[in-house]
Structure formats: C-alpha cells, structure tokens
Amino acid sequence: MKALLIVENDEVAKLAAFYLRPLGLDAMRYRDPLKALDNLDEIDPDAVIISARDFPRHWKSIVVNLRSSRPKTECIVILLKGEYFPFEEAAKAAHLEVNGVVKEDFSDRSELSRFQKILKRYVEVDETRASERIEPGAWDRLDYAFSHPKTLAPISGRVDTISLNGLSFIADYTALVADLEPGDGLPDASLRIDRDIVPCPSRVVRNGAVMAFKFEGLAEEHRALLESYLKTRTDREIQNLLNK
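Residues numbered from 1 in each chain as written. Predicted model: local features only at pLDDT ≥ 70, side-chain atom pairs only at ≥ 80, totals over all residues. Heavy atoms only, no water.

Turning our eyes to something else, we now look at the overall build of the protein. The secondary structure content of the protein amounts to nine helices and 14 strands. By the compact-globule yardstick of 18 Å for 244 residues, the protein is too spread out, its C-alpha radius of gyration being 23 Å. Counting only C-alpha atoms, the protein reaches 70 × 35 × 30 Å along its principal axes. Relative to its full complement of 244 residues, the protein shows a buried share of 43%. Residue pairs at least 24 apart in sequence account for 62% of intrachain contacts in the protein once pairs closer than 6 positions are excluded. As displayed, the protein has an accessible area near 13300 Å², and 49% of this comes from carbon and sulfur atoms. (Helix = DSSP H or I, 4+ residues; strand = E, 2+ residues; numbered from the N terminus. Rg over C-alpha atoms; globule rule 2.2 N^0.38 Å. Buried < 20%, exposed > 50% of the residue type's maximum accessible area, 1.4 Å probe, protein only. Contact = heavy atoms within 4.5 Å. Areas by Shrake-Rupley, 256 points an atom, 1.4 Å probe, with all protein chains shown as cover.)

Below is the structure:
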C-alpha cells in the first residue's frame, strides 16, 4: 500500500513516514504540491498526508481531485495543521470528506494517537504479526551468534527479523552452516541485547539464504530484557531521525 506525503518540513515528513510503515504503508514524499497533483493518478495512493500549514491553498485542490474518484473509505486523507487552523478551514475539510485533521507536532502524544487511530480505522492491520516480528534498524543493537553443533565453528551473521519466540538470520558464510537441518539444536548460542550478551539456546526451523531459529530455554529474565528492548525501539528510531 502507498501513502503520499505532501510535506515541506523534513522532520515532520520523516516522523510521518515512520508511523505509516507499521501499517504497511510505503511513503512517497513530494515537496511541491503541484507536482503531486499532476502525478496523483499515476501514484494512485491509498493514503494522502498533506501539511495544511505548508500548503494552505493547494490542499483543497488535491482533496477535490481525489474525492472525484476515491471516497474516504478508499483513500485516507489526513491534514497536518499548525498551531492556527481557522474554523472555516475545518468546515471546508469536513465538506471535502477529509478523514481527519491533526497537529503536525508528533511530540504531542495525544495528536500522535489521533493520527494513528484515524489510519487504523481505515487500514486493516495485522496487530499480532506486527507485534511479534520486528526488523532491526541501524539504531538497534541486536546480534546473534552460535557455535556449529558438530564442527564447533563460530557462526556470525546478521539478524534479519526477531520476535520473543525466535529470529531469522543471514549467516556471514553460508557454507559453514549448509549441513544444518531443521530440528538441529544449537545449545551454544548467544544473543546481544544492547549492552547485554545472554545465552540463547535455539533450534533450527529453516535453513537457506535466510535461516530461521526458535528460542529454546531463554531464561525468563532474558526474555523480559528482550521484550523491554523491543517495546522501546520506537523511541530509539525517533531519536535517530531527530539526530540526522
């Protein structure tokens, strides 16, 4: 699914794109509203996020064009407003069937919550899958390594995705793990969670270019540590975006 961001402010655009991704919406950004309007049919977005503060005149033309063929149930439109948004503008937004109007200051948790609720109201989200499996970012410190159960060779690589139950893994040298079979146990495996390195006995679920392992015997305190780290990844990513 595609989301069209028509936002001039870089920081606002980054944060909006960040909160769109968990809903399965890939963001495409335009700084020029006229170019966005020209390419609207070609882009065919499932959601449009427009800064009414940046483009107080153009947002109406874009919404009118969208609503001529796409009702609010088929294409979400959210306006991002500044501190001042006149009642007359709010009335026009309602008349043009804008799905919602929120402040563009996502540091305001109440506005962020409204932004997410509007999106979730119209976009189907698999909450279970989203909460279970996470793709680490550059701002995360998650590493996994193990000893081959037969050769005892140290195996390093990259965590592709991770959940509380297991992870997928791309080995640095696939030839070293080519003989592993589903069901093989990895008693000498470890997981790095930020500054901590914890024992993480695992079992092979799938071998290939991307391997899959199930955690077996992860201690409760280490599981709690991993759960806490995964839950706070949003704060780390936001801080990473703000530091750029």
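The next subject is the pattern of salt bridges. Counted under the stated rule, the structure contains 14 salt bridges. Between Arg70 and Glu74 there is a salt bridge, and its shortest N-O distance comes to 3.9 Å. Of the residues examined, Glu74 reaches a relative accessible area of 46% and is grouped as partly exposed. For Asp194, the salt bridge goes to Arg141, with nearest N and O atoms at 3.7 Å. Residue Asp194 is found in the loop between strand E11 (189-193) and strand E12 (196-199), and its partner Arg141 is found in the loop between helix H7 (127-132) and strand E6 (142-147); the two are separated by 53 residues along the sequence. Overlapping salt bridges, with partners in common, bring together Asp10, Arg29 and Arg31 in one network. (Salt bridge = Lys/Arg side-chain N within 4 Å of Asp/Glu carboxyl O.)

Take the environment of Ser156 next. Relative to the assigned elements, Ser156 resides in the loop between strand E7 (154-155) and strand E8 (157-162). In this structure, the C-alpha to C-alpha distance between Ser156 and Ala145, residues eleven residues apart in sequence, is 5.0 Å. Apart from residues lying up to four places away in sequence, Ser156 is in contact with Phe169, Ala171 and Asp172. Here Asp172 takes part through its side chain, which lies 2.6 Å from a polar atom of the side chain of Ser156. (Polar contact = N/O pair within 3.5 Å; in protein donor to acceptor, adjacent residues only side chain to side chain.)

Time to look at the pairing of E12. As paired strands, E11 and E12 are joined by four bridges and run antiparallel to one another. Its bridge partner lying in E12, Leu191 is registered against Val198. What sits between E11 and E12 in their antiparallel hairpin is a turn of two residues, with Asp194 showing a positive phi close to 60°. (Pairing = 2+ DSSP bridges.)

Here the protein averages 88 in pLDDT, and 92% of its residues register 70 or above. Averaged pLDDT values for the elements of the protein fall to 44 in H7 and rise to 97 in E11. Segment residues 125-131: pLDDT under 50, and four contacts once partners within four positions in sequence are set aside and those in other chains are kept. (pLDDT = per-residue confidence, 0-100.)

In this section: the sheet that holds strand E9 (residues 166-171). Within the open sheet, the five strands sit side by side as E8-E9-E14-E13-E10. Their pairing is antiparallel. Each of the sheet's edge strands pairs with one partner strand only, and the pair in question is E8 and strand E10 (185-186).

With respect to the helices and strands, the residue Glu89 is situated in helix H5 (residues 87-95). Here Glu89 falls in the buried class, since its relative accessible area comes to 13%. Sequence-distant contacts of Glu89, defined by excluding residues within four places in its chain, comprise Pro56, Trp59 and Lys60.

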